[in-house]
Number of protein chains: 2
Amino acid sequence: MARAWYLKSRPKGMPTLDNFDLRPLPLPPLEPGMVRVRNLWLSVDPYMRPRMTEAKSYVAPYALDAPLDGGAVGEVVESKADGFSPGDLVSHRFGWRDEAAAPAEAFTKLPASGLPPQAYLNTLGIIGATAYFGLLRVAEAKAGETVFVSAAAGAVGSTVVQIAKVKGMRVIGSAGGPEKCALVRELGADAAIDYKSPGLLADKLEAVAPEGIDVYFDNVGGEHLDAALAQAREGARFAICGMIGAYNSTEPVALRNLFRIIAARIRIQGFLVSDFRDRFGEFQRDMGQWIAQGRTSGSETVMDGLEAMPAAFLALFSGRNTGKMLVRL
Amino acid sequence: MARAWYLKSRPKGMPTLDNFDLRPLPLPPLEPGMVRVRNLWLSVDPYMRPRMTEAKSYVAPYALDAPLDGGAVGEVVESKADGFSPGDLVSHRFGWRDEAAAPAEAFTKLPASGLPPQAYLNTLGIIGATAYFGLLRVAEAKAGETVFVSAAAGAVGSTVVQIAKVKGMRVIGSAGGPEKCALVRELGADAAIDYKSPGLLADKLEAVAPEGIDVYFDNVGGEHLDAALAQAREGARFAICGMIGAYNSTEPVALRNLFRIIAARIRIQGFLVSDFRDRFGEFQRDMGQWIAQGRTSGSETVMDGLEAMPAAFLALFSGRNTGKMLVRL
C-alpha cells in the first residue's frame, strides 16, 4: 500500500509535526494511458508554507485531510502509456508520498544528461529557474552591477550567487553563521554577511557595499529588505522571490527605509517562476551549459525516508539546510 | 528690503513654527543678464519636509540659516536681460520669499494661456506632471482598469482622479472626512473612501472594489499602502509618489500584506517627476487641452501673505488643504 503525508490541521505561526499525518494512500487502478511511479526524491520548499493556510493566493491552498503535493522525481514501475517504460526517470508534482499513479501527461521524462536525478528538483528545476529568471529577467541584473542576495546559502540563493558570477556581477550574499558564510564565499560571492552576528544588517551591508547595491534578490523579507532599501542605489531593482521570515509570523513587517523607494526610484517586483514557463528552454540550455562547464553546481541537504518529510520541511524555517533540502526514499 | 523664510532648526518629527524664521534677504545688485521678480504666488509641498532633514536624498537638504526655496510665480519688476520686460509673468524656484534677483536662465516666462498664473504651480506645473507621469507612465494605467489613489482631495491626488477619468479608468479615491470625500466624487471618482471613518481601510477598499485594484497611486504610504497590497489584482502596478504619513514619523512602516507582492506579482515603483523632465512637452500639450475642454481643473487652498508660509506648510500634514496649497502675496 502506498503512503502519503496528509495535512491534518492548518498551522498557526510555525508549523509543528502535529500538523501532518502519514496515512495509507489508495492508488487508482492503472487504466490505459496511465503510469505508476515509485518516488526516489521528494522536495520540500518554503512556498509550501503559505499553501497550508486558507488564504487568497496564486494557487489553491492544500486541502485538509488530503495528501500534500510538491515536486518529486521517481522511476516508472508500471506503464500503460506510450513512451513510458519501467525504469524511466520522471519528474512530477506528486510529492509527499512514496508512489503515484496518474495519466502520463502528469510526468516529464528526465533527459539523459548524466546528472543525478535530484538535479531536476534543484539547479535544473524550479529552484534554478527561479534564480535565473528572478535575477536576469525580473531584476534585470547586468554585468558590473552589485547584487545582494539573502538566504545565499539556501537553494535559490546559492544558485543566484553562482549565476551572478557567471554573468560578471559583484555579489554579496547573506547567511546565518560563519559556516554558511564560508559556503557562500566558496560559491563565488565577493562578500558574505552573517546576519546572525551582532550589529545592524544595514551597517554590515554598507561596509561591504559602500557604493550601494543595484539589485536585491529577496528570499526572506523583513530586516533584509529594509537593509536593501537603505543601501539601494538610484534605479535599483528588487526581485521579491520569497519572504520566508514572514511565512510563520503573525506580526506585520516593519520597514524603516521604505521612503527611500521614492528618492532612489527603486522598483520592487514580486514574481513566480511559473510566469516564465514559456521560457524554460532558454533557462535549461544556459544552465545545462554552465553545469557542464563546472561554473554552477547544486548543493543539497538530504534527509532519508518518507517519515522524514515533515521534519525536513520544518528545517527550512530554522535555517538548518544549506542548498536544496531534499528527502531521499 | 526683501524678506525670506530661513530654516532656523531641523525639525524632529512634525515641524513647528519655531523651525522657521522670517529674516531680511539682501538681494544682489542687478548685473547685465539678470532679472528682478516680485513674487505673487508661493508653493508649499510635502517634498519639502524630507529636505529639512539632513539625510541621504535625491536633492541636497536645505541648509540651516539659509533661505528656503521652492516653486513660485512672480512678475518681473526690473530686467537687464533680453526677452524679459517688467510685467512679464514667470515661474521659478525662488519661493519662500517676496522678491528674487537672479540670472534670467533661472526664470521661465509663462505662456499667454489665459489661465490664472498659479495654475503653473498646480495642474500645469509639477503637480500636474507628477499625476500625469505617475499614473500613465510609472503605473502604466490603462482604460478600463481600476485605480486607487490616496490623498485624493490633495493637489496631486485630485489631478490623478481627473486624468484617470479622462482616460476611461474606474477611480477610487481616499480622503479624510465627508466633505473631502464629496469633493473627490465631484472630481469624477466612482467611489470615495473616508479613511477617518471607523473600520479597516482594506475592508472599505474591498467594499468598493470587490474585484480588486489594478493600479495604486500612493501619496501617503502606511495603512493605505497596506490596504492596496491586500486588494491588488494580479499584475498590479503601484506608483509611489509620496509617503506623507512617514515624513514626520520616527516609527517604522508596518505592513501586514507585503507578502502579497509575490502571489499577485505586484510591481512597486518609486518615482520623481524630475525623471520625466524631457517629456514635459507631451504633458503640457495634453493637460492644456483637457483644461481647455473643461475636463480637468485645479482646485486650491489659499493662504495670504508671506507671514503665512510656515503655517501653510504645516497645514499640509494635518490635511487642512483640499487641492493645491498656495500662499498669495
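Residues numbered from 1 in each chain as written. Chains lettered and ligands numbered in written order. Predicted model: local features only at pLDDT ≥ 70, side-chain atom pairs only at ≥ 80, totals over all residues. Heavy atoms only, no water.

- Labelled according to an unreviewed UniProt entry, chain A appears under the name NADP-dependent oxidoreductase, originating from Paracraurococcus lichenis.

Regarding the overall build of chain A
(1) Moving on: Looking only at helices and strands, one finds 10 helices and 16 strands in chain A.
(2) Moving on: In terms of C-alpha radius of gyration, chain A reaches 20 Å, essentially the compact-globule figure of 20 Å for 329 residues.
(3) Moving on: By principal-axis analysis of the C-alpha atoms, chain A measures approximately 60 × 45 × 35 Å.
(4) Moving on: In chain A, 66% of the contacts between residues at least 6 apart in sequence involve partners at least 24 apart.
(5) Moving on: Split by element, the accessible area of chain A, about 13,200 Å² in all, is 52% carbon and sulfur.
(6) Moving on: Of note, chain A has its 36 positive side-chain charges centred 2 Å away from the centre of its 36 negative side-chain charges. (Helix = DSSP H or I, 4+ residues; strand = E, 2+ residues; numbered from the N terminus. Rg over C-alpha atoms; globule rule 2.2 N^0.38 Å. Contact = heavy atoms within 4.5 Å. Areas by Shrake-Rupley, 256 points an atom, 1.4 Å probe, with all protein chains shown as cover. Lys, Arg positive; Asp, Glu negative; His and termini not counted. Charge placed at Lys NZ, Arg CZ, Asp CG, Glu CD.)

What to know about the nonpolar core
(1) Moving on: By size, the foremost hydrophobic cluster in this structure holds 60 residues, and its most contacted members are A:Leu225, A:Phe238, A:Ile268, B:Leu225, B:Phe238 and B:Ile268.
(2) Moving on: When residues no more than four places from it in sequence are discounted, the contact partners of A:Ile268 are A:Leu229, A:Phe238, A:Ile240, A:Ile261, B:Ile261, B:Ile266, B:Arg267 and B:Ile268. (Core = buried A, V, L, I, M, F, W, Y, C linked by side-chain atoms within 4.5 Å. Buried < 20%, exposed > 50% of the residue type's maximum accessible area, 1.4 Å probe, protein only.)

With respect to the pattern of salt bridges
(1) Moving on: Scanning the entire structure with this criterion turns up 42 salt bridges over all chains.
(2) Moving on: With a shortest N-O distance of 2.5 Å, A:Arg265 and B:Asp275 are connected by a salt bridge. Of the two residues, A:Arg265 is situated in the loop between α8 (260-263) and β14 (267-270) and B:Asp275 in the loop between β14 (267-270) and α9 (280-292); the pairing between them involves two chains.
(3) Moving on: The exposure class assigned to A:Arg265 is buried, which follows from its relative accessible area of 14%.
(4) Moving on: B:Asp275 gets classed as partly exposed once you look at its relative accessible area, which sits at 37%.
(5) Moving on: Note that B:Arg10 is salt-bridged to B:Glu54, the shortest N-O span being 3.8 Å. With B:Arg10 in the loop between β1 (2-7) and β2 (20-25) and B:Glu54 in the loop between α1 (48-51) and β4 (72-79), the pair connects residues that are 44 residues apart, well separated along the chain.
(6) Moving on: Here the salt bridges share partners, and the residues they tie into one network are A:Asp21, A:Arg23 and A:Asp65. (Salt bridge = Lys/Arg side-chain N within 4 Å of Asp/Glu carboxyl O.)

Description of the relation of the copies chain A and chain B
(1) Moving on: When chain A is fitted to chain B, the residual RMSD is 0.1 Å, and the transformation amounts to a turn of 180° plus an axial shift of 0.0 Å. Accordingly, the operation relating the two chain copies is best matched by a two-fold axis. Identified as the residue of chain A closest to the rotation axis by C-alpha distance is A:Ala254, at 2.1 Å.
(2) Moving on: When you check the interface residues of chain A against chain B, 100% turn up at the interface there too, and the contact is symmetric in its surfaces. (Least-squares fit on C-alpha atoms with pLDDT ≥ 70 in both.)

What to know about the packing of aromatic side chains
Residue and element names in this part refer to chain A.
(1) Moving on: Enumeration according to the criterion identifies 30 aromatic pairs over all chains in this entry.
(2) Moving on: Aromatic pair tyrosine 216 and phenylalanine 238: ring centres 5.4 Å apart, planes at 80°, arrangement edge-to-face. You can see tyrosine 216 sitting in strand β11 (residues 213-218) and its partner phenylalanine 238 sitting in strand β12 (residues 232-240), a full 22 residues away along the chain. Here tyrosine 216 matches phenylalanine 238 in class, with each residue buried.
(3) Moving on: Three or more aromatic residues link up through ring pairs in this structure, and these residues are Tyr132, Phe133, Phe276, Phe280, Phe283 and Trp290.
(4) Moving on: Across from the ring centre of phenylalanine 84, 5.9 Å away, lies the NZ or CZ of lysine 109, which sits over that ring. (Phe/Tyr/Trp six-rings, centres within 6.5 Å; stacked < 30°, edge-to-face > 60°. Lys NZ or Arg CZ within 6 Å of the ring centre and 35° of its normal.)

Observations regarding the environment of A:Ala263
(1) Moving on: Mapping A:Ala263 onto the fold places it in helix α8.
(2) Moving on: Taking the C-alpha atoms as reference points, A:Ala263 and A:Glu234, separated by 29 residues in sequence, lie 7.6 Å from one another.

Digging into helix α6 (residues 222-231) of chain A
A turn of α-helix holds 3.6 residues, and therefore any two residues three or four places apart point the same way.
(1) Moving on: Burial within α6(A) is extensive, with 8 of its 10 residues counted as buried.
(2) Moving on: For α6(A), the full list of buried residues reads A:His224, A:Leu225, A:Asp226, A:Ala227, A:Ala228, A:Leu229, A:Ala230 and A:Gln231.

So, the interface of chain A and chain B
Interface size is commonly expressed as the accessible surface area that is lost when the partners come together.
(1) Moving on: With 34 residues of chain A in contact, the opposing surface of chain B contributes 34 residues.
(2) Moving on: Along the contact surface separating chain A from chain B lie 2 salt bridges.
(3) Moving on: At the level of elements, α6, β13 (253-255), α8 and β14 of chain A are the ones that each hand at least two residues to the side of chain A that touches chain B.
(4) Moving on: Split into classes, the residues belonging to the side of chain A that touches chain B amount to 20 nonpolar, 7 polar and 7 charged.
(5) Moving on: Of the pairings in the sheet, the one linking β14(A) to β14(B) comprises 3 bridges and is antiparallel in character. Counted as the bridge partner of A:Gln269 is B:Arg267 from β14(B). (Nonpolar A, V, L, I, M, F, W, Y, C, P; charged D, E, K, R; others polar. Pairing = 2+ DSSP bridges.)

Quick word on the sheet that holds β11(A)
In any sheet, the strands associate via hydrogen bonds between backbone groups, in a parallel or an antiparallel arrangement.
(1) Moving on: Strand order across the open sheet formed by 12 strands is β10(A)-β9(A)-β8(A)-β11(A)-β12(A)-β14(A)-β14(B)-β12(B)-β11(B)-β8(B)-β9(B)-β10(B), with mixed pairing between neighbours. The open sheet has two free edges, formed respectively by β10 (191-194) of chain A together with β10 (191-194) of chain B, since each of these has just one partner strand. Taking each pair of neighbouring strands and ignoring which way they run, the sheet shows an average axis angle of 15°.
(2) Moving on: The strands touched by helix α3 (residues 155-166) of chain B are β8 (146-149), β9 (170-175) and β11 (213-218) of chain B; relative to β9(B), the strand with the most contacts, the crossing angle is about 165°.
(3) Moving on: Where helix α6 (residues 222-231) of chain B meets the sheet, its contacts fall on β8, β9, β11, β12 (232-240) and β14 of chain B, and the angle it forms with β12(B) comes to roughly 155°. (Axes fitted to C-alpha atoms, helices over the stretch in contact; angles between N-to-C directions.)

Concerning the confidence of the model for chain A
(1) Moving on: Overall, the prediction assigns chain A a mean pLDDT of 94, with 97% of residues at 70 or greater.
(2) Moving on: For this predicted complex, the interface confidence reaches an ipTM of 0.87, while the overall pTM sits at 0.89. (pLDDT = per-residue confidence, 0-100.)

Points about the environment of A:Leu306
Residue and element names in this part refer to chain A.
(1) Moving on: Here leucine 306 is to be found in the loop between β15 (300-304) and α10 (309-315).
(2) Moving on: When the C-alpha positions of leucine 306 and tryptophan 96 are compared, they lie 7.5 Å apart, and in sequence the two are 210 residues distant.
(3) Moving on: Filtering out sequence-adjacent residues up to four positions away, leucine 306 remains in contact with Arg3, Trp5, Leu22, Leu42, Trp96, Arg97, Asp98 and Leu329.

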